[in-house]
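# Tertiary structure, described
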Amino acid sequence: MTAWVRKTQESMDEQVITVGCIISDLFLSKIQAVFNSEYFINDSLKTICKWCLQYYTDFEKAPQSHIQDIFEEKRFIIDKAEASLIEETLKYLQSRYTTFEEPINEDYFIKRAKDYFTKRDLKVRMAKVQNYLELDKLSDAEAEMLGYKEFSVQSSPAVSPFDSEIIQKIMNTEDRSLFKFPGALGELVGPIERGYLIGILGLFKRGKSFLLMATATLAASCKLKVAIFSLEMQDSKIAERILRNIGTFTKERDAIFPCFDCKKNQIGICNRPERVNEEVLTSNGHKPEFNSSMSYRPCTYCRVHKQSGYEVATWFEELKYPDISSSGARKAAKSFEMMYGNNIRLITYPRFTANIKDIERDLFLLEEKEMFIPDVMVIDYAGILKPEDTREERRIQIDTTWKRLAQLASERNCVVVTASQGTRSAIYKKNTDQTDIAEWIGILGHVDIMLTLNQTTEEKKEKILRIGTLVSRNESYIETKNALLLTNFGAGQVWLDSFLINVGHND
């Protein structure tokens, strides 16, 4: 780490502002009104920001990789020692932000910049006002206070709902969307936007952690920065799940994968010429044990070609993939990084030892260490976070934790995904509902989306999982509509394929 870097909030704020100036057109356009280079503590960062703002004035865009060209042009007209420090600073920043293709959390950068300049403006003015008062210069003290009022107007967060920029945000749904779940789950939930708190409600051993890790990998495959906070598993176990997910490494016992079929094919009442076989699978409504030597073959012709009459059913196929190995894991990791970047960070804690304050501390350390600002946070899981205040009664502790999770998503302008344990009574239900939320139903008021994991004993044998929607703040939803997912947890796969279905209420 270079000598000029100080481990302070001010230092981190100035680095965030400088990175924003280098890479983001929107950031530069938004901070012009409040930017004051005199408030910078670090002279090298101050100079780089001034160059970026001038570049934006000239070309209406951020310099990005051209910042190095600007430096090469300026280095011979500035002090040699200053040029050396700026060169070192640029190398340090570029080691943290090496690509300009990945999405940037621009609203978070803008908020950090406005908060920083507001704080610095207050500190500087308060010092001046105090000096003027001690010298009995009341008019000068009042002028400073009036100056802050003018600054406050410039940095006000208030906007008009009829502003053209707001309307453009409304219309550009693709720009608002950060990522989307695949297949039927994406249809069920809709696009996922910054600021969302997503909860997953399910019984133990129903796949909550698998779904959380698959979400992390999905987000990373969209070139988003993902921070995983685990209070349940060791980092090596989580890494193995992620590697199995991206590499489909499969143990011998997990070589049987579920696949879609048609009920009419299974009971032998399909008369379409495209049907793949003449065999009947079921006998008196029961399916036999799967055997790879069976002559029966699943048929999805009507599903694939969108023909009427398809009735969703599932069966199996044998797919042999190699099990995870040191060389295979390294190859899968390298391929993933080459395609999508090195954008996953993992932090683990022992159970009940970390709360939101601890997570915020480690987020600051991530920024300080490598300017890693997450677009998506996966917390496994909310139910085993340490209370924010151990003196509160349990219901209030739970409510406070979920409020703080929602606050975390909003303040950092990112998606937070976590899980909650269902009650024991849900074991005997086909569909998880609101009565299955353990201890405090009020958490539904804090989430933007609450998904449910539904699975009967028979469905678990068939390696299928149904995901429903308990709450969705921004999308219409029907609680009896589920995304039927084909899974193979042994191979790290949560959504091999999927289909939207309607399910009945609990009996």
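Residues numbered from 1 in each chain as written. Predicted model: local features only at pLDDT ≥ 70, side-chain atom pairs only at ≥ 80, totals over all residues. Heavy atoms only, no water.

### What to know about the sheet that holds strand β8 (residues 376–380)
Stated precisely, the cut-off is as follows: Note on pairing: DSSP must find at least two bridges between two strands before they are called paired. Strands here mean DSSP runs of E at least two residues long; helices mean DSSP runs of H or I at least four residues long; both are numbered from the N terminus. Interaxial angles span 0 to 180 degrees and are taken between N-to-C directions of axes, which are lines fitted to C-alpha atoms, for helices over the stretch in contact. By the convention used here, residues are in contact when the closest approach between their heavy atoms is within 4.5 Å.
Strand order across the open sheet formed by nine strands is β7-β4-β8-β9-β3-β10-β11-β12-β13, with mixed pairing between neighbours. The strands lining the two open edges of the sheet, one partner per strand, are β7 (344–348) and β13 (493–502). Mean inter-strand twist for the sheet, computed between neighbouring axes without regard to direction, equals 25°. Across five bridges, the pairing between strand β11 (residues 464–472) and strand β12 (residues 481–488) is antiparallel. Counted as the bridge partner of isoleucine 467 is alanine 483 from β12. Those strands touched by helix α11 (residues 208–221) are β3 (197–202), β4 (226–230), β7, β8, β9 (415–421), β10 (449–454), β11 and β13, and its axis lies near 165° from that of β8.

### Some words on unusual backbone geometry
What counts is decided by this rule: The buried label applies to any residue whose accessible area, calculated with a 1.4 Å probe on protein chains only, is under 20% of its type's maximum; exposed applies above 50%, and partly exposed to all values in between.
Cis geometry is found at the peptide bond from aspartate 380 to tyrosine 381, where omega equals 0°. Its place among the elements puts tyrosine 381 in the loop between β8 and α17 (394–411). One non-glycine residue, glutamate 60, adopts positive backbone phi at about 60°. With respect to the helices and strands, the residue glutamate 60 is situated in the loop between α3 (43–59) and α4 (67–74). With relative accessibility at 64%, the residue glutamate 60 sits in the exposed group.

### Some words on helix α16 (residues 356–370)
Quick reminder of the rule: Multiplying one less than the number of residues by 1.5 Å gives the expected span of a helix.
For α16, with 15 residues, the first-to-last C-alpha span of 21 Å sits near the 21 Å given by 1.5 Å per residue. Buried within α16 we find Ile356, Asp358, Ile359, Asp362, Leu363, Leu366, Glu367 and Glu368. Downstream of α16 by a residue or two, methionine 371 has a phi angle that is positive, lying close to 50°.

### Notes on the side chain of lysine 46
Turning to its location among the elements, lysine 46 is positioned in helix α3. Contact partners of lysine 46, with chain neighbours within four places excluded, come to Ser37, Glu38 and Phe40.

### Comments concerning the pattern of salt bridges
Which entries qualify depends on this criterion: Any carboxyl oxygen of Asp or Glu within 4 Å of a side-chain nitrogen of Lys or Arg constitutes a salt bridge here.
Tallied over the full model, the rule gives 24 salt bridges. A salt bridge links glutamate 367 to arginine 112; the shortest N-O distance between them is 2.7 Å. Placement of the pair is glutamate 367 in helix α16 and arginine 112 in helix α6 (residues 106–134), with a sequence separation of 255 residues. Among the residues examined, glutamate 367 registers a relative accessible area of 1% and is labelled buried. On the basis of relative accessible area, arginine 112 is assigned to the buried category, the value being 11%. Here aspartate 323 ties to arginine 244 by a salt bridge, and the two come within 3.1 Å at their closest N and O atoms. Of the two residues, aspartate 323 sits in the loop between β6 (312–318) and α15 (326–340) while arginine 244 sits in helix α12 (residues 235–247), which places them 79 residues apart along the sequence.

### Thoughts on the pairing of β13
The side chains of a regular strand alternate, residue by residue, between the two faces of the sheet. When β12 meets β13, the two strands line up antiparallel, connected through seven bridges. Within β13, the residue paired with lysine 481 across the bridge is asparagine 502. Joining the antiparallel neighbours β12 and β13 is a turn of four residues, in which glycine 492 adopts a positive phi near 75°.

### Side note on the packing of α12 against α15
Selection criterion: Angles below 35 degrees are treated as roughly parallel, those above 145 as roughly antiparallel, those between 65 and 115 as roughly perpendicular, and all remaining angles as oblique. Classification used: nonpolar for Ala, Val, Leu, Ile, Met, Phe, Trp, Tyr, Cys and Pro, charged for Asp, Glu, Lys and Arg, polar for all others including Gly.
Contact pair α12 / α15: the axes reach a minimum separation of 10 Å and the direction vectors enclose 75°. In terms of their interaxial angle, α12 and α15 are classed as roughly perpendicular. Residues Leu243, Ile246 and Gly247 of α12 pack against Ala329, Ala332, Ala333 and Phe336 of α15. Each residue belonging to the contact of α12 with α15 can be placed in one class, and the counts come to six nonpolar, one polar and no charged.

### Digging into the confidence of the model for the protein
Where we set the bar: The pLDDT value tells you how sure the predictor is about a given residue, anywhere from 0 up to 100.
Considering every residue of the protein, the mean pLDDT works out to 87; 90% of them sit at 70 or more. Mean pLDDT across the elements of the protein ranges from a minimum in helix α9 (residues 173–176), with 64, to a maximum in strand β5 (residues 256–262), with 96. Contacts of residues 1–6 to residues separated by more than four positions or lying in other chains number 17 contacts, the stretch itself having pLDDT below 50.

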